[in-house]
Amino acid sequence: RPVGVCINFVDTMRPAAGHIGMLGVARSARRKGIGRALFTESLARFEARGWTHARLTTITPASGVGGGDAGGFFRSVGMTTVYDHDILSRPLLGRV
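The residue count restarts for each chain, going from 1 along the sequence in the order it is written. Given that this is a predicted model, residues contribute local features only at a pLDDT of at least 70 and side-chain atom pairs are listed and counted only at 80 or more, while totals for whole chains, interfaces and linings are drawn from all residues. In computing side-chain values, all of the structure's heavy atoms are included and hydrogens and water are not.

Undergrad: Sorry if this is basic, but what is going on with the pattern of salt bridges here?
TA: Working definition: two side chains of opposite charge can pair if their charged atoms are close together. We define a salt bridge as a contact between a side-chain nitrogen of Lys or Arg and a carboxyl oxygen of Asp or Glu at a distance within 4 Å. Inspection of the entire model under this criterion finds two salt bridges. In this structure, Arg55 engages Asp11 in a salt bridge whose closest nitrogen and oxygen atoms are separated by 3.2 Å. In this pair, Arg55 sits in strand E3 (residues 53–56) while Asp11 sits in the loop between strand E1 (4–10) and strand E2 (17–25), placing the two residues 44 residues apart along the sequence. Among the salt bridges present, the one from Glu41 reaches Arg45, with a minimum N-O distance of 2.8 Å. Residue Glu41 and its partner Arg45 are located together in helix H1 (residues 34–48), separated by four residues, close to a single helical turn. The secondary structure listing takes helices from DSSP runs of H or I that are at least 4 residues long and strands from runs of E that are at least 2 residues long, numbered from the N terminus.

As structure tokens, then:
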């Protein structure tokens, strides 16, 4: 039974960069090195294609269904914040 998933693709804004579109590990399998292994394998595949950078987007402090500090995890594997932004929302008039 799968306990982790990682979906990668070329970054369309920067063609020499791989983009980690999703990386997730089942709650029951967390803190066992699976996320780190998936991340490391992604970097190896990016390098094998000649890509020079790895990018991803995450929401901090919690990301995904399981929450947790995704930003902390990605910083622990060497990722750095390029820019920070807010996501804003409001209900539409007459819609609740």
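Undergrad: Sorry if this is basic, but what is going on with the packing of aromatic side chains here?
TA: Any pair of aromatic rings gets described here by the distance separating the centres and the angle formed by the planes. Here is the rule: rings of Phe, Tyr and Trp (six-membered ring for Trp) pair when centre to centre is within 6.5 Å. Planes less than 30 degrees apart are stacked, more than 60 are edge-to-face, and the remainder are tilted. Taken as a whole, this structure holds three aromatic pairs when the rule is applied. Ring centres 6.1 Å apart and planes at 55 degrees place the aromatic pair Phe39 and Phe74 in the tilted group. With Phe39 in helix H1 and Phe74 in helix H2 (residues 70–76), this residue pair connects regions lying 35 residues apart in the sequence. Take Phe39 and Phe74: they sit in the same class, and that class is buried. For the pair Phe46 and Trp51, a centre-to-centre distance of 5.4 Å together with 40 degrees between the ring planes defines the contact as tilted. Burial status follows relative accessibility: with a 1.4 Å probe on protein chains alone, a residue under 20% of its type maximum counts as buried, one over 50% as exposed, and anything between as partly exposed. A relative accessible area of 4% places Phe46 in the buried class. Among the aromatic side chains, those forming a connected cluster through ring pairs are Phe39, Phe73 and Phe74. By definition here, charges over rings are those cases where NZ of Lys or CZ of Arg is within 6 Å of the ring centre and within 35 degrees of the ring normal. Sitting over the face of the ring of Trp51, Arg49 holds its NZ or CZ atom 5.9 Å from the ring centroid.

Undergrad: Which parts of the structure should I look at to understand the environment of Leu38?
TA: Locating Leu38 in the fold gives a position in helix H1. Judged by its relative accessible area of 24%, Leu38 is partly exposed. Note: C-alpha distance between Leu38 and Gly4 (34 residues apart in sequence) is 7.9 Å. Setting aside anything within four residues of it in sequence, one finds Leu38 in contact with Gly4, Val5, Cys6, Leu23 and Gly24. The contact criterion used throughout is that any non-hydrogen atoms of two residues lie within 4.5 Å.

Undergrad: For this particular structure, what's the right way to read the pairing of E1?
TA: Within a regular strand, the side chains alternate between the two sheet faces. Here E1 runs beside E2; their pairing, made up of seven bridges, is antiparallel. Considered in E2, the bridge of Val5 is made with Gly24. One bridge is not enough; two strands pair if DSSP finds at least two bridges between them. Between E1 and E2, which pair antiparallel in sequence order, lie six residues.

Undergrad: Can you help me understand the sheet that holds E1 in this one?
TA: Each strand in a sheet pairs with its neighbour through backbone hydrogen bonds, running either in the same direction (parallel) or in the opposite one (antiparallel). Here three strands make up an open sheet; going across it, the order is E1-E2-E3 and the pairing mixed. What marks the edges here is a single partner per strand, and that holds for E1 and E3. Here the strands of the sheet are splayed against their neighbours by 30 degrees on average, with no regard to which way each runs. Taken together, the four bridges between E2 and E3 define a ladder with parallel strand orientation. For Ala17, the partnering residue across the bridge sits in E3 and is His53. Together, E1, E2 and E3 form the strand contacts of H1, whose direction differs from that of E2 by roughly 160 degrees. To obtain an axis, a line is fitted to C-alpha atoms, over the contacting stretch when the element is a helix, and the angle between two such axes runs from 0 to 180 degrees between their N-to-C directions.

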